[in-house]
Amino acid sequence: MAMEHLRWRPTVNERRFIERALESDLRVDGRRSYDFRRLSITFGREDGSSEVQLGETRVMGYVTAQLVQPYRDRPNEGTLAIFTEFSPMADPTFEPGRPGESAIELGRVIDRGLRESRAVDMESLCVVAGKQVWSVRVDLHILDNGGNLIDAANIAALAALSTFRRPECTVGGEDGQQVTVHDPEVRDPLPLTIHHLPIAVTFAYFGEGNIVVLDPTYKEEAVMGGRMTATINSNGDVCAIQKAGGEGVMSSVIMQCLRIASIKAADITSKIKNAVDSYTTEKALKKVKRLPASVPQKINVHDVNMEDKGDDELEKQTAKTHGDVRLISKGDIFNIKICSVYGLPTGPVFLRCRDPYSKGVSLSSLRISQFPDAATTAKANNDSHEDAKPMITESNAEVKSASNSGGAGESDEAQEIGSPKSLKDAVKPKHKRKKKKGDRS
């Protein structure tokens, strides 16, 4: 582990500064002793891919699976393996090729916390007992070393396992031992059965073990005297403990660290579950085929205020809307008199239906015509029921001839207009027409 600190070798003054700041319950990055750095969890396009950023530390996890032959001592269980890769891009002290001591230790701590706690159901990975089981492989790539690689790599492995989907397979054939792996497009892949999430929480000790901090940075790791990693789930069950040498720690300090780790584990578990749920929901929405929604059209409708109005206001409103009722033409006056004689309604609808023969009627003829008395009106009504329907309107020429006739007096004209006329009266006799022709000749 000493090779990790070649990236930054603290001087004597820097070491004293960090130790004195920790004695005052202060840290270089401004955190308290038992505070985690900012945690960010993202997922890739494919299932089983995750990236975790804990402060300046970045780790990527990727999960794959394949069918293999099981172990002889456990023929009904699948396998789970953790592999780590330290890239020189993350830290200049990391050498490519064969993994070093730090990479091996990181893989063992995470593997012990997952397998020994039985977090993943291994029996569900069995396809044919003793012949074929699923072998799950977790690859952890260190992208940037900012300190506390164990906690970041553990979270990346759990997030990748939670989103991983293995292909569905069926057993058939004549002997019942033939395995058919279905394509993801034919049948939906199946998720892994995970009982709980073991969270790794790392503590660093300074001085003689009296100062304890949570989630150390790479600068604090270069100064620390010892380190302990406790793997605990949200229920408070201790899955594993790793003490990587260094100074001795009292049992009371260890118990205090376990209590703090239990609280932090529950917080990190909720963050992982929320991130996985949002990823699953987003992916499910992408699979749903949605039809293009029709664009809604806005229709401007004026607000209608229903108010109680009196009779006067209604009459004014009716007079405004029906302009033809105010301006009554000459034909309308004639129609009003005819309707009043025969007892017909004189509303605005009937006023619009004007008589085509009333356009040439003069005002003088209308003034001469007056309403008859009650006896004459009753007699006209009785005659109208007995005889045929009288002619209501007359031609313009007949009206003019009736008004301008010189032989008859005004009283005779009024009597002729007041009395009802039949069709015979409107037609002139033939002998009169012949006489007029004879006179002209």
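Residues numbered from 1 in each chain as written. Predicted model: local features only at pLDDT ≥ 70, side-chain atom pairs only at ≥ 80, totals over all residues. Heavy atoms only, no water.

1. Notes on the overall build of the protein
Quick note on the threshold: Numbering of helices and strands starts at the N terminus; helices are DSSP runs of H or I of at least 4 residues and strands are runs of E of at least 2. Categorising residues by exposure relies on relative accessible area from a 1.4 Å probe, with only protein chains included: less than 20% of the type maximum marks a residue as buried, more than 50% marks it as exposed, and the intermediate range marks it as partly exposed. Should any heavy atoms of two residues lie within 4.5 Å, those residues are considered in contact. To measure how exposed things are, a 1.4 Å probe is used in the Shrake-Rupley method; for residues, cover is taken only from the protein chains shown.
Each helix and strand in the protein was counted, giving 15 helices and 14 strands. Looking at the protein as a whole, 33% of its 441 residues are labelled buried. If you take every contact in the protein between residues at least 6 apart in sequence, the share linking residues at least 24 apart comes to 71%. Counting every atom, the protein has about 28,500 Å² of accessible surface; 51% of that belongs to carbon and sulfur.

2. A few points about the pattern of salt bridges
How we decide: Any Lys or Arg side-chain nitrogen located within 4 Å of an Asp or Glu carboxyl oxygen qualifies as a salt bridge.
Applying the stated criterion across every chain, the model contains 14 salt bridges. Among the ionic pairs, Arg-58 bridges to Glu-51, the shortest N-O distance being 2.3 Å. Residue classification places Arg-58 among the partly exposed positions, given a relative accessible area of 34%. Exposure remark for Glu-51: the relative accessible area of 23% places this residue in the partly exposed category. Each member of the salt-bridge network shares a partner with another, and the members are Asp-29, Arg-31, Arg-37 and Asp-215.

3. What about the sheet that holds strand E11 (residues 199-206)?
Quick reminder of the rule: Being paired, for any two strands, means DSSP has found at least two bridges between them. Only the stretch in contact is used when fitting a helix axis, every axis being a line fitted to C-alpha atoms; angles between N-to-C directions are given from 0 to 180 degrees.
A sheet is described by the order of its strands in space; here 4 strands give the open sequence E12-E11-E13-E14, paired in antiparallel fashion. The two strands at the open ends of the sheet, each matched to only one other strand, are strand E12 (211-214) and strand E14 (238-246). Adjacent strand axes in the sheet meet at a mean angle of 20 degrees, parallel and antiparallel pairs treated alike. Where strand E13 (residues 226-232) lies against E14, 6 bridges are found, and the strand directions are antiparallel. Along E14, the bridge assignment pairs Thr-231 with Ala-240. Contacts between helix H5 (residues 251-287) and the sheet are confined to E11, E12, E13 and E14, with E11 contributing the most and set at about 140 degrees to the helix.

4. Comments concerning helix H1 (residues 12-23)
For the record, the criterion: Here, expected helix span is obtained from the residue count minus one, scaled by 1.5 Å.
When the terminal C-alpha atoms of H1 are compared, their 17 Å separation across 12 residues agrees well with the 16 Å that a helix rising 1.5 Å per residue should span. Looking at the buried side of H1, the elements it contacts are E11, E12 and helix H4 (218-223). Looking one or two places after H1, you find Asp-25, whose phi comes out positive at around 60 degrees.

5. Observations concerning the packing of helix H3 (residues 149-163) against H5
Note the following rule: By definition, turning the near helix anticlockwise from the far helix through less than a right angle yields a left-handed crossing, and turning it clockwise yields a right-handed one.
Taken N-terminus to C-terminus, the directions of H3 and H5 make an angle of 35 degrees; their axes are 10 Å apart at the nearest point. Crossing geometry of H3 relative to H5 is assigned as right-handed. Across from Ile-155, Leu-158, Ala-159, Ser-162 and Thr-163 in H3, the residues of H5 making contact are Ile-268, Ile-272, Val-276 and Tyr-279.

6. Observations regarding the packing of aromatic side chains
Short version of the rule: Any two rings among Phe, Tyr and Trp, with Trp reduced to its six-membered ring, count as a pair given centres within 6.5 Å; such a pair is stacked if its planes are under 30 degrees apart, edge-to-face if over 60, and tilted if neither. Each ring is checked for a lysine NZ or an arginine CZ that lies within 6 Å of its centre and within 35 degrees of its normal; such an atom marks a charge sitting over the ring.
As enumerated under the stated definition, the model contains 2 aromatic pairs in all. Judged by centre distance (4.5 Å) and plane angle (55 degrees), the ring pair of Phe-86 and Phe-94 falls under tilted. With respect to burial, Phe-86 and Phe-94 carry one shared label: buried. Seen from the ring of Phe-83, Arg-137 lies directly overhead, with NZ or CZ sitting 3.9 Å from the centre.

7. A short note on the side chain of Asn-145
Inclusion rule: We define a polar contact as two N or O atoms separated by no more than 3.5 Å, with the added condition that, inside protein, one atom must be a possible hydrogen donor and the other a possible acceptor, whereas residues neighbouring each other in sequence contribute only through side-chain atom pairs.
Positionally, Asn-145 belongs in the loop between strand E6 (132-144) and H3. At 2.8 Å, the side chain of Asn-145 forms a polar contact with the side chain of Asp-91. Among the polar contacts listed, one links the side chain of Asn-145 to the backbone nitrogen of Gly-147, at a separation of 3.2 Å.

8. Side note on the pairing of E13
For E13, a buried count of 7 out of 7 residues is recorded, marking the element as mostly surrounded by other parts of the structure. Neither face of E13 is left uncovered, since the one carrying Gly-226, Met-228, Ala-230 and Ile-232 and the one carrying Arg-227, Thr-229 and Thr-231 both have all their residues buried. In terms of strand pairing, E11 meets E13 through 7 bridges, oriented antiparallel. From the neighbouring strand, Tyr-205 faces E13, where its bridge partner is Gly-226. Between the end of E13 and the start of E14, which pair antiparallel, lie 5 residues, with Gly-236 showing a positive phi angle near 90 degrees.

9. Section: the environment of Asn-76
With respect to the helices and strands, Asn-76 occurs in the loop between strand E3 (57-68) and strand E4 (79-86). Here Asn-76 falls in the partly exposed class, since its relative accessible area comes to 41%. Setting aside chain neighbours within four positions, we find Asn-76 in contact with Met-122, Glu-123, Cys-126 and Ala-129.

10. Brief notes about unusual backbone geometry
What you tend to see is this: most non-glycine residues have negative phi, and most peptide bonds are trans. Phi is positive for Asn-148, close to 60 degrees, though the residue is something other than glycine. Mapped onto the fold, Asn-148 is located in the loop between E6 and H3. Unusually for a residue other than glycine, Asp-215 sits at a positive phi of about 55 degrees. Tracing the sequence through the fold places Asp-215 in the loop between E12 and H4.

11. Some details on the confidence of the model for the protein
Just so we agree on the cut-off: Residue-level confidence of the predictor is summarised by pLDDT, bounded by 0 at the bottom and 100 at the top.
A residue-level look at the protein finds 63% of positions with pLDDT of 70 or above and a mean pLDDT of 75. Note on residues 384-418: pLDDT under 50 across the span, and 25 contacts to partners over four residues away in sequence or across chains.

12. What to know about the side chain of Glu-221
For clarity, the threshold we go by: When charges are counted, neither His nor the chain ends are considered; positive counts come from Lys and Arg and negative counts from Asp and Glu.
Structurally, Glu-221 can be placed in helix H4. Lacking a salt bridge, the buried Glu-221 has Arg-227 as its closest oppositely charged neighbour, with an N-O distance of 4.3 Å. Only 2.8 Å separates the side chain of Glu-221 from the backbone nitrogen of Asn-148, close enough to count as a polar contact.

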